[in-house]
Amino acid sequence: MTTKLKEVDVVIVGLGWTGGILAKELTQAGLKVVALERGALRTSENDYSLPNIRDELRYVVRHDLMQNTARDTITVRNNPQQESLPMRRLGSFLPGEVVGGSGVHWSGHTWRWTDMEFKIRSNYEERYGKKSIPNDMTIQDWGISYAELEPYYDKFEYTAAVSGKAGNIGGQIQAGGNPFEAPRARDYPLPPLTPILASEMFTAAARGAGYHPFPRPSANASQPYTNPDGAKFGGCQYCGYCQRFGCEANAKGSPHITVIPIAMRNPNFELRTHSWVTKVLKDSDGKRASGVAYTNVLNGEEFEQPATIVLLCAYAINNVHLMLLSCIGTPYDPVAQKGVIGKNYCYQTGAGATLFFEGKHFNPFMNAGGSNATIDDFHANWAFDRAPHDFLGGYIVAGGFNTPLPIGYRPVPSGTPQWGSDWKRATAKWYQTAMTINASGSVMANRYNCYDLDPTYRNAFGQPLMRMTFDYKDNEHKMGGHAAQTINNLAKSMNPTRLNPASARTDPWTVVPYQSTHNTGGTIMGTNPRDSALNKYLQSWDCHNLFVIGANAFPHNSAYNPTGPVGALAYWTADAIKNRYLKNPGPLVQA
Amino acid sequence: MIETKRATMVLIMTLLTVGTARADGDPVRGETRFQECAACHKLAADANEIGPSLHGVFTRKAGELADFRFSPAMKRSGIVWTPETLEKYIADPQGMVPANRMPYAGMTSANDRADLIAYLVQATK
């Protein structure tokens, strides 16, 4: 029995950063908004306060803030020849399932992706020729420009309390910032976090090698801050529990302490938690979304929520899944290279070294999510010539820490036994002496890396799981080799007592160990409906009152973390809806 | 010789001001210092958030508010909040009440603390 509810102006599926931003902006514009969130309502005062939040077992091992794979998961394979199997336990990535979404448990790294990404195919063709892009590499321009997005990056950075040092204000290079960033209108709202020993040592070594280190921009408030909406942040206390935890000091830019409470105070807004959307419903002619169907996961009750505008704001993977389950747009076929839904799934790659310095005390338990220094010389630096190295894209390198858990983080030199008294002696000896240097690298789209519906496995609602087909290709392997070499050269220049060197990964990708929650693509944005699912306003080419907001819209993945453009695009879409769509509902870009 | 004596006196006076409440804090500057507290503590009555409301704090014993979940350490502390005890607590929260739940490392400057307390004396009434 399905209960049909009264129509509202807007229904939002998923209440994290993008859902929260849209909920705030559209309720303030006078629209009646209902948000449906799978997870529970949790608040800083009740759930993320001391001492309970510092619980590695609950939050790291048991994934308390994350998606429950017993209800829904994905199946995974490396290539179309393999049989895909369900991911029965979260590993490689950790989608949030709570009011605030992954914005509660992220580290806060906030980057501005630039025209280097948005015009990727044009840029590489212009510089290296058409033949520089392999046939299977399905990279394409995004249909948006950095100049269009700049004010929205600014808005997101000031909302989320990003601490950092500008590298380029209005074309003027700023000492100490990232000289390769695109011009910004003004500096970050807050100065950089206090550097830690590991980031200072990395900074010195990187400068010595002729690179351009800078403090990583992150939404960890370096001092108390009130954002333009009046949300108050405490200063970061460097407690070390950032990634995978809610912030105990209200210092991490998170939707549940910024945009969501503002929406919740607005009488136009209603939040329904434990609400699992199973389908986007369509009008009889299929040209408009008429609402969504959802199930209350606490009691199994089923509802239909009609709405004038439907916004998919779930985690990137789940947005794509909903599009496939709802039969909106043509599913992508990697053999014929036809269709768009599921196309250009991308991930990230990386390499890392651990350096041990006898006599040093790094105090790895004291840091913030963004406690590291970074170099961008091999990524946003367009002067870096890729031709001799035969790869496209790039990687950033960072020295420092990001939530090295007091129990979980146990650095020991290679060759140490993995258990027993020798291991215990080694972990006691080396714990304080270790720091890491890590690279995070882009992944270029490939025709065979994609999503579709799994033919075998179903979720708790009887629907097909989504199937992910992914592996690193030659481009990523070559870039990984280059990154490992850069890391090892830097590491050796620092003269560590012992070094676990970085090595390029060449084995197939696996979903088991944690890597990064930076999944992109599947319903990508672009300039025309033949090769993209969404236009530049993240509006569906097929149903004009359906917007799909998140990293699912990225046509490929960068070396940078995705939340900066995710937040900026949410504000950009909100403005497009408020200022243009409401006045004249229909396609915002003519196909 | 006189110069040395004067220097010594200045040094002693400086040392004396560290760790003790200064009576002459500036409440206007203190309001700015309160930004470090404001993300968690409200000044209105019954406005408990991530931290307890500070309304009427100088009339209370530590851990006394019925509708805030204090740590056992804070409840057991036996502290009566006065400008002096609160100043000492803000200087080093874990030092004064080990295992309390306030995630704040401490306000190191005695002048800042004096300004903050001067503000709180007015603002929590």
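Before reading further, recall that the structure is shown in the block above.
What comes next concerns the included structure.

Rules used in this analysis
- Residues numbered from 1 in each chain as written.
- Chains lettered and ligands numbered in written order.
- Predicted model: local features only at pLDDT ≥ 70, side-chain atom pairs only at ≥ 80, totals over all residues.
- Heavy atoms only, no water.
- Pairing = 2+ DSSP bridges.
- Helix = DSSP H or I, 4+ residues; strand = E, 2+ residues; numbered from the N terminus.
- 1 Å grid on protein atoms, 1.4 Å probe; cavity = no way out; pocket = protein on both sides within 12 Å on 5 of 7 lines; lining within 4 Å.
- Points joined across faces, edges and corners; volume = space filled by probe spheres on them.
- Nonpolar A, V, L, I, M, F, W, Y, C, P; charged D, E, K, R; others polar.
- Axes fitted to C-alpha atoms, helices over the stretch in contact; angles between N-to-C directions.
- Parallel < 35°, antiparallel > 145°, perpendicular 65-115°, else oblique.
- Left-handed = near helix turned anticlockwise from the far one by under 90°.
- Contact = heavy atoms within 4.5 Å.
- Buried < 20%, exposed > 50% of the residue type's maximum accessible area, 1.4 Å probe, protein only.

Overview of the sheet that holds strand β21 (residues 464-469) of chain A
All names here are of chain A.
Alright, step 1. An order of β5-β4-β21-β20 is seen for the four strands of this open sheet, with the pairing classed as mixed. Both edges of this open sheet fall to β5 (85-86) and β20 (450-458), since each of them pairs with a single strand only.
Alright, step 2. Where strand β4 (residues 74-77) and β21 come together, four bridges link them in parallel fashion. Pairing of V76 across the sheet is with M468, part of β21.

Observations concerning empty space enclosed by the protein
Residue and element names in this part refer to chain A.
Alright, step 1. Per the counting criterion, the structure on display carries five cavities of 30 Å³ or more.
Alright, step 2. By volume, the largest cavity amounts to about 150 Å³.
Alright, step 3. Considering only residue class, the lining of the largest cavity consists of 10 nonpolar, six polar and two charged.
Alright, step 4. The calculated volume of the second largest cavity comes to roughly 80 Å³.
Alright, step 5. Every residue along the wall of the second largest cavity is listed here: W111, R112, K165, N178, E181, R184, Y188, F214, P215, P217 and Y560.
Alright, step 6. The residue makeup of the lining of the second largest cavity, split by class, is six nonpolar, one polar and four charged.

What to know about the packing of helix α1 (residues 17-28) of chain A against helix α13 (residues 563-581) of chain A
The description of two helices packed together rests on the angle between their axes and the distance between the axes.
All names here are of chain A.
Alright, step 1. The N-to-C vectors of α1 and α13 enclose an angle of 30°; their axes lie 9 Å apart at closest approach. Viewed along their axes, α1 and α13 adopt a mutual orientation that is roughly parallel. As α1 packs across α13, the resulting crossing turns out to be right-handed. Judged by residue contacts, W17, T18, I21, L22, E25 and L26 of α1 engage T563, V566, G567, A570, Y571, A574, I577 and K578 from α13.
Alright, step 2. Across the contact of α1 with α13, the residue classes break down as nine nonpolar, three polar and two charged.

Remarks on the pairing of β21 of chain A
Residue and element names in this part refer to chain A.
Alright, step 1. β21 sits mainly inside the fold: six of its six residues count as buried.
Alright, step 2. Relative to β21, β20 runs antiparallel, the two being bridged by five bridges. Paired with L453 across the two strands is M466, which belongs to β21.
Alright, step 3. Once β20 ends, the chain turns through five residues before running back antiparallel as β21, passing G462 with a positive phi of about 80°.

Let's talk about the layout of surface pockets
Alright, step 1. Computed from the structure, the second largest pocket encloses a volume of approximately 760 Å³.
Alright, step 2. As for the second largest pocket, its lining consists of 45 residues, of which H41, I50, G51, P52 and M102 of chain B are closest to the centre.
Alright, step 3. Elements with a contribution of two residues or more to the lining of the second largest pocket: α2 (44-47) of chain A together with α3 (35-38), α5 (83-91) and α7 (110-123) of chain B.
Alright, step 4. Classifying every residue of the lining of the second largest pocket by side-chain character gives 24 nonpolar, 11 polar and 10 charged.

In short, the description is geometric, and any link to function would need to be established separately.
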